Amino acid sequence: MEWFVNIVSGLCLVIGSLFAVIGGLGVLRLPDFYTRMHGAGITDTMGAGLILVGLMFQGGFSLVTVKLLMILCVLLTTSPTASHALAKSALHFGLEPRVVEKEAGS
Amino acid sequence: MSTVWGLYNYWIVIFLMMTGFYIVIARRNLVKKVIGLNIFQIAVFLLYITMGKVEEGTAPILPARDFQTGAELPAYSNPLPSVLILTAIVVGIATTALALALIVRIQEAYGTIEEDEILARDREG
Amino acid sequence: MIVHSILRIVAKLLIPYILLFALYVQFHGDYGPGGGFQAGVIFAAGFVLYALIFGLGAARRSAPPAVVESLIAVGVLIFAGTGVVCMLGGGNFLDYSALDHHDPQHGQHLGILIVELGVGITVAAVMISVFFAFAGRGRIR
Amino acid sequence: MFVTAVAAIIVTMSLALLRATLGPTVFDRILALNVFGTKTVLLIAVMGFLTGRPDFLDLALLYALLNFIGVIAVLRFSKYGHFADPELGR
Amino acid sequence: MIQAIDILVLALLACTAVSVVRMRSLWAAVMLTGIYSFLGAGWMLVLDAPDVAFTEASVGAGIATILMLSTLALTSTEMKRPAASPVFPLLIVGVTGAALCYGTLDMPHFGDPNSPIHQHVAPEYLKDAVPTVHQKELKVGIGNIVTTVLASYRGYDTLGETVVIFTAGLGVLLLLQGPRKAGGSDGREEGAP
Amino acid sequence: MKHSLALGTTLFGVWLLWSGHYTPLLIGCGLVSCLLVVLLSRRMEILDEETAPVHLGLRPFIYYAPWLVKEIVLANIDVAWRILQPRMPIQPTIVRVKASQQGEIGRVIFANSITLTPGTVSIDMEGDIITVHALTREAAEFEESGEMDRRVTKLEVPD
C-alpha cells in the first residue's frame, strides 16, 4: 500500500512539474498578451493542481492534507479571478487581441 | 572548492547589498532610491538568516519531528537571528512608509521627485 | 451598474477568510510560525482588499479613521500595561511569571498572548491608517 | 520526486522572471507576477515536505490569499492611476 | 541538496536585483521588488526561519507593493534618465563590495554548527530556557521558541520596536493628513474625517 | 441572520481545521475570532447570499466539479501539446457567449470555469454576455456549444 501511494504521488508530482514547465514556456513563447494568459492558465490549473494532489497523497489523512486542499481551493478561486480582471483591464486599456478571422479556414 | 560553496551565500548577499547601494547613489529618482534601500534591507535580513542556519538543523519550533518517519530531528537552527529580523521587517516597512510619505510631500512642495531638480530649485532660492 | 461583479463577489468570499486567517496567526503564535507582527499586517491586507474593491469611502465607513488611529495607541498601551501589571504583581517590568503566582508557566503563556495581541493591534492599526492616508490624498497637478 | 518538483518550479520561476523583465506591456509583467506568486505557493508547499516539516503550510496559504491582493492592487492602479475612487466594485 | 536549492534561489534573487537596476519604469521596478520579496521569503523558509518568512511574505505581498504603488500614483511613474555617468558609483560600489568580500574570508562557512553565533546565548534559549518557560507546553509537545524569545526574553526589545512602529505611523499621519499646501483638494477625498 | 449563522459556522469549522490544537483557550479564541469576523463582515456590508451561498448546497461539488475537472484535464493536454510544437498551431479567436444563469454567483461560477479551462479566458462580462478569448478554434466552438452554461444553470435550479 505504501509503495502504491508513493508511486501515485510521485507520478502526480512529476506530471504536475512537467505541466508547470510547459506553462512557463507558454508564458514565454506565445506571441501576445492574451495568448500568454493561456500559458499561465496551464501552470495554475494542471501544474499547481497535480503538484498539490501529489503532496496530498504524501500527507495521508491529516490536517496537512486539509490545508493543502484549502490552498488548492483558494488558488482555483483566485487565479481565474485575477486572470479575468487582468484581461478585462487590458481590454479596456485598449490592448487589442491579435485574432485570426473567423471565416478564414485554418 | 569548499570555500567557494561555504561562502557563496555571503557573496551573493554582498552582491545584493551592493546592487541596492548602487541604486541609492546612482539614481536620482527618490522612489527608486527607496526601492534600492528596500533591496539593501532585504539583503541584510538574508545575511542574518544565513548565519542562523545550522547544518542538519530544523526550524526552531517544537516538537521537531519528521512528518513521515516521526524521527526526532537532530538539531535546531539558531532562533536569535529570526527574532531580530522578524521585528526589523515590520519596522522596515513602517519606516519605508514614512520615507514614502516624505516623498509625497516633496512632490507637493517642489513638483518633482528628481534629486537634481530639487537641488536646482533650492539654489534658485 | 455592476461592472466588476466577478471581482466583487470573489472579494466578498475571500475577505472573511483573510481576516480569520490573520486572527488564527495571531493566536497560534505560540505553536507555529506567526504572532502579532504578521497577524497585524495580514489583517490590514484584508482591509486593503476591501478598500480596493469597494472604494475608500466604504472602507472608512466600516473602519472609522478616528477609531483606527486610537487603536494605534491602545496596542502600545496593552503592551506596556502588561509590564506594569507584572510590576504590581511583584515582579520586574515585563516579567510575566508574576502574572500567575501559583503557576509561573501559565503566567508566561498568558503574558505572551496578551503582549502579542497588543503588537497585533498596533501593527494592524498603523498599516490601515497609513494606507488610508496614502490613498486618501488626491494628486496635485 | 520532490526534488524534480522543486527543480521544475524553479525553472518555471525563471521563465516567469524573464517574462517580467522583457515586458513588453505592463499587463505581461502583472501576468508574470501572478504566475510567480502561484509558483511561490507551490515551492513553499513542496519545501515543507522536502524538509520533513509540512506544518508550515500556513505560509503557502498566506501567499495564495495575499498574491490576489497584490494583483488587484496593481490592476487598480494601472486602471485608474489612484486609489480613491470606488468605481471598481460598483 | 538544500544547498543546491539555496544556490539556485540566490541566483534568481541576484538576477531580479539586476533587472530592478536596469528598469527605467518605476512601475516595473516596484513589481520586480515584489518578486524579489517573494523569493526572499522562499529562501528564508529554506533556511529554517519560517517566522521570518511569514513576516516577509505578509509585508512584501500585502503592504509594501501597495504603499509603493500609491506613492507612484501621487508622484510620477517614469524616471528621468540618470544624468551623471555611472562610472563613479560603480567604482564606489565595487570597492566596498570587494572589501566586504575580503571580510567574508574569515567568516564561518554556511551551516557550520561550530560558528561563534551558535556558541553564546542561543544554546541557553534552546536547551535551558525553553523548558522552563514552556514546560507545560513541552509535555504537550509544542512551542515556538522564536515567539518565546521575542515576547518574553527580549520583551523590552519588542516593546521598543512596537513604539518605533507607533512613531512611524504617527509620522506618516502627521505628514499626510495635514492641510494641503497648494492646489487644494480635487474632490477625491470623499468621506474624509 | 441566516447568512451570519452560516458564515460563522463555516468560519469556525475552518478554524478547527487550521488549528489542530484543541485546548479550551484556543477554542475560545477561535469562537471570539469568528464572532469578530462575522461582526466586521456585517459592518462592511458584505454579508449576503453571495458571501454565504447556502442556497447552492453541495451541488457544485457533486455534480459539477468532476465534469469540470475532466474538461480541464483534456484542455490542458491539448494546449500543452500546442505550446510544445515548434510552430505553435494556434488560432486566437474571440467569441461571445450568453450566460443563462439567473443569479450573480452562477455567472461568476460560469465565467471562472471558462477561465479555469486553459485555452479559453473570459475577458469581459457585461450583463449576461461574456466575451471569451480562445486559443484555438476548437476551444471556441466548445464554448459556443453552451454545454458548460447549461451545467452551471442546473446548479441554480434544483430539479
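It should be emphasised that the depicted structure is a prediction, and the values quoted were computed from it without experimental measurement.

*Asks:* In this structure, what is going on with the overall build of chain F? I would like to understand it.
*Replies:* Assigned secondary structure in chain F consists of six helices and three strands. Against the 2.2 N^0.38 benchmark of 15 Å for 159 residues, chain F shows a C-alpha radius of gyration of 20 Å, more extended than a compact globule. When its C-alpha atoms are laid out on the principal axes, chain F stretches across 60 × 35 × 30 Å. A buried classification covers 54% of the 159 residues belonging to chain F. Total accessible area on chain F is roughly 7,600 Å²; 65% of this is exposed by carbon and sulfur atoms. Each charge sign in chain F was given a centre, from 14 positive and 18 negative side chains, and these centres are 3 Å apart.

*Asks:* Is there a simple way to explain the packing of aromatic side chains in this structure?
*Replies:* The geometry of an aromatic ring pair comes down to the distance between the two centres and the angle between the two planes. Here the structure, examined in full by the defined rule, presents 16 aromatic pairs over all chains. Taking the centre distance of 5.6 Å and the plane angle of 90° together, the rings of F93(C) and Y156(E) count as edge-to-face. One end of the pair, F93(C), is in the loop between α4 (65–88) and α5 (104–135); the other, Y156(E), is in helix α8 (residues 155–177), on a second chain. Consider the rings of F2(D) and F49(D), whose centres lie 6.0 Å apart with planes at 35°: the pair is tilted. Of the two residues, F2(D) is situated in helix α1 (residues 2–22) and F49(D) in helix α2 (residues 26–50); the sequence distance between them amounts to 47 residues. F49(D) carries the same exposure label as F2(D), and that label is buried. Taken together, the ring pairs connect F21(C), Y24(C), F27(C), W15(F) and W18(F) into an aromatic cluster.

*Asks:* It is not clear to me how the interface of chain E and chain B should be interpreted in this structure. Could you clarify?
*Replies:* Accessible area lost on assembly of the parts is the figure often given for the size of an interface. Tallying the contact residues gives 91 residues for chain E and 81 residues for chain B. Three residues, Y36(E), D48(E) and L175(E), lead the burial of chain E against chain B; their summed loss comes to 8% of the area buried on that side. Run the count over chain E and chain B and you get one salt bridge. Here K53(B) and D48(E) are joined by a salt bridge, their closest N and O atoms 3.0 Å apart. There are 14 residue pairs in polar contact (both at pLDDT 80 or more) connecting chain E and chain B. Among the elements that make up the side of chain E that touches chain B, the one with the highest residue count is helix α3 (residues 50–74) of chain E (13 residues). Residues of the side of chain E that touches chain B, tallied by class, amount to 62 nonpolar, 18 polar and eleven charged. Sheet topology places strand β2 (residues 61–62) of chain B next to strand β1 (residues 143–144) of chain E; two bridges connect them, and they run antiparallel.

*Asks:* Looking at this structure, how should I read the arrangement of the chains?
*Replies:* Across the 13 pairs of chains that are in contact, the largest number of contacts falls between chains B and E. Nowhere do chain A and chain E come into contact; their C-alpha atoms are at least 15 Å apart. Between chain B and chain F there is no contact; the minimum C-alpha to C-alpha separation amounts to 14 Å.

*Asks:* Explanation requested: the domain arrangement of chain F in the structure shown.
*Replies:* Each domain of chain F was delimited in the assignment, giving domain 1 (2–43) and domain 2 (57–156). For domain 1 of chain F versus domain 2 of chain F, the separation of C-alpha centres amounts to 35 Å.

*Asks:* What should I look at first to understand the nonpolar core in this one?
*Replies:* Within soluble globular proteins, side chains that are nonpolar tend to cluster in buried spots. The biggest cluster of nonpolar side chains holds 263 residues, and the ones touching the most others in it are F33(A), L52(A), L55(A), L68(A), F21(C), F134(C) and I30(D). In terms of residues, this core owes the most to one element, helix α3 (residues 57–80) of chain D, which gives 17 residues. One finds F19(A), M46(A), L50(A) and I90(F) within the second-largest nonpolar core, a separate group that totals 13 residues.

*Asks:* Explain the side chain of H28(C) to me, please; I cannot follow it from the model alone.
*Replies:* Relative to the elements of secondary structure, H28(C) occurs in the loop between α1 (5–27) and α2 (36–54). Judged by relative accessible area, which is 5%, H28(C) ranks as buried. Residue contacts for H28(C): discarding those within four places in its chain leaves W15(F), S19(F), H21(F) and L26(F).

*Asks:* I would appreciate a short explanation of the sheet that holds strand β1 (residues 93–98) of chain F in the present structure.
*Replies:* Sheets are built from strands paired through backbone hydrogen bonds, the pairs being either parallel or antiparallel. Residues and elements named next belong to chain F. The strand order β1-β3-β2 describes an open sheet built from three strands, whose pairing is antiparallel. Of all strands in the sheet, those with a lone pairing partner are β1 and β2 (120–126), marking the two edges. Strand-to-strand, the axes of this sheet are offset by a mean angle of 25°, without reference to chain direction. The sheet contact formed by β1 and strand β3 (residues 129–134) spans six bridges and is antiparallel. Opposite T93, over in β3, you have A134 as the bridge partner.

*Asks:* Can you walk me through helix α2 (residues 30–52) of chain B in this structure?
*Replies:* Three or four residues apart is the spacing at which side chains of an α-helix point the same way, because the helix has 3.6 residues per turn. All names here are of chain B. Taking 1.5 Å per residue, 23 residues should reach 33 Å; α2 reaches 34 Å between its end C-alpha atoms and fits that length. Burial of α2 is extensive: 17 of the 23 residues sit out of reach of the surface. At the N-terminal end of α2, a side-chain oxygen is found 2.9 Å from the backbone nitrogen of V31, two or three residues along, and the residue is N29.

*Asks:* Teacher, can you tell me more about the packing of α5(C) against α3(E) here?
*Replies:* Two quantities define a packed helix pair, namely the angle between the helix axes and the distance between the axes. Packing of α5(C) against α3(E) leaves a shortest axis separation of 10 Å and a crossing angle of 20°. On the basis of the axis angle, α5(C) is roughly parallel to α3(E). In this structure, α5(C) crosses over α3(E), and the sense of that crossing is left-handed. Two secondary-structure elements touch here, α5(C) through M127(C), V130(C), F131(C) and F134(C) and α3(E) through I63(E), I66(E), L67(E), S70(E), T71(E) and L74(E).

*Asks:* So what exactly am I meant to see when it comes to the pairing of β3(F) here?
*Replies:* Side chains on a regular strand alternate between the two faces of the sheet. In terms of burial, β3(F) is a largely internal element, five of the six residues being buried. Hairpin connection, β2(F) to β3(F): the antiparallel pair is bridged by two residues, and G127(F) has positive phi, about 60°.

*Asks:* Looking at this structure, I do not really get unusual backbone geometry. What am I missing?
*Replies:* You will see that L94(C), though not glycine, has its phi angle at about 65°, which is positive. Tracing the chain through its elements places L94(C) in the loop between α4 and α5. Relative accessible area serves as the criterion here: at 5%, L94(C) is assigned to the buried category. Unusually for a residue other than glycine, D48(E) sits at a positive phi of about 65°. With respect to the helices and strands, D48(E) occurs in the loop between α2 (26–46) and α3. A relative accessible area of 8% means that D48(E) is categorised as buried.

*Asks:* Would you take a moment to explain the environment of R107(F) for this structure?
*Replies:* Residues and elements named next belong to chain F. Within the secondary structure, R107 is located in helix α4 (residues 104–116). On the basis of relative accessible area, R107 is assigned to the buried category, the value being 15%. In contact with R107, not counting residues within four places along its chain, are A99, Q101, Q102, M125, G127 and D128.

*Asks:* How should I be thinking about α8(E) in this particular structure?
*Replies:* In this model α8(E) runs 32 Å from its N-terminal to its C-terminal C-alpha over 23 residues, within 8% of the 33 Å that 1.5 Å per residue would give. Looking at α8(E), one finds that the buried residues are G155(E), T158(E), L159(E), E161(E), T162(E), I165(E), A168(E), G169(E), G171(E), V172(E), L173(E) and L176(E).

*Asks:* Sorry, what's going on with the pattern of salt bridges here?
*Replies:* Between side chains of opposite charge, a pair can form when the charged atoms approach closely. A complete count under the given rule lists 14 salt bridges over all chains for this structure. R36(A) is the salt-bridge partner of D28(D), the closest N and O atoms lying 2.4 Å from each other. A residue pair is termed interchain when its members come from two chains, as with D28(D) in helix α2 and R36(A) in helix α2 (residues 33–59). Take D28(D) and R36(A): they sit in the same class, and that class is buried. A salt bridge links E115(B) to K33(B), with the shortest nitrogen-to-oxygen separation between them at 3.6 Å.

*Asks:* What is the right way to look at the packing of helix α3 (residues 63–93) of chain A against α2(D) in this model?
*Replies:* Contact geometry of α3(A) with α2(D) gives a least axis separation of 10 Å together with a crossing angle of 175°. The angle between α3(A) and α2(D) falls in the class roughly antiparallel. Between α3(A) and α2(D), the residues in contact are V64(A), L68(A), I71(A), L75(A), S79(A), A82(A), S83(A), L86(A), S89(A), A90(A) and F93(A) and F27(D), I30(D), L31(D), N34(D), T38(D), V41(D), A45(D) and F49(D), respectively.

Conventions and cut-offs
Positions within a chain are numbered from 1, following the residues in the order the chain's sequence is written. All chains are assigned letters beginning with A, and all ligands numbers beginning with 1, in the order in which they are written. The predicted origin of the model limits local features to residues at a pLDDT of at least 70 and limits the giving and counting of side-chain atom pairs to 80 or more, whereas totals for whole chains, interfaces and linings rest on all residues. Side-chain numbers here rest on the full set of heavy atoms in the structure, without hydrogens or water. Strands are runs of DSSP state E lasting at least 2 residues, helices are runs of H or I lasting at least 4, and numbering of each runs from the N terminus. Just to be clear, the radius of gyration here is over C-alpha atoms, and the globule rule we use is 2.2 Å times residues to the power 0.38. Categorising residues by exposure relies on relative accessible area from a 1.4 Å probe, with only protein chains included: less than 20% of the type maximum marks a residue as buried, more than 50% marks it as exposed, and the intermediate range marks it as partly exposed. Accessibility throughout is a Shrake-Rupley quantity obtained with a 1.4 Å probe, and a residue counts as covered only by protein chains that appear here. Here Asp and Glu are counted as negative and Lys and Arg as positive; His is not counted, and neither are the chain ends. Charge coordinates come from a single atom per side chain, which is NZ of Lys, CZ of Arg, CG of Asp or CD of Glu. Only Phe, Tyr and Trp rings are paired, with Trp represented by its six-membered ring, and only when their centres lie within 6.5 Å; those with planes under 30 degrees apart are stacked, over 60 edge-to-face, the remainder tilted. Only heavy atoms matter for contacts: two residues are in contact if any of them lie within 4.5 Å across the pair. As a working definition, buried area equals the accessible area (1.4 Å probe) given up by two parts on being put together, with both sides summed. When a carboxyl oxygen of Asp or Glu lies within 4 Å of a side-chain nitrogen of Lys or Arg, that pair is called a salt bridge. Residues adjacent in sequence count toward polar contacts only when both atoms are side-chain atoms; beyond that, a polar contact is any pair of N or O atoms within 3.5 Å, and within protein one must be able to donate a hydrogen and the other to accept it. Classes in brief: Ala, Val, Leu, Ile, Met, Phe, Trp, Tyr, Cys and Pro nonpolar; Asp, Glu, Lys and Arg charged; the others, Gly included, polar. Should DSSP find at least two bridges between two strands, the strands are regarded as paired. Just so you know, the domain bounds were taken from an automatic or database domain assignment. Residues belong to a common nonpolar core when they are buried Ala, Val, Leu, Ile, Met, Phe, Trp, Tyr or Cys residues joined through side-chain atoms within 4.5 Å. Axis definition: a line fitted to C-alpha atoms, over the contacting stretch in the case of helices. Angles run 0 to 180 degrees between N-to-C directions. Multiply 1.5 Å by the residue count of a helix minus one, and that product is the helix's expected span. Here the word oblique covers every angle except those under 35 degrees (roughly parallel), over 145 (roughly antiparallel) and from 65 to 115 (roughly perpendicular). In this scheme the crossing of two helices becomes right-handed for a clockwise turn of the near helix relative to the far one and left-handed for an anticlockwise turn of less than a right angle.

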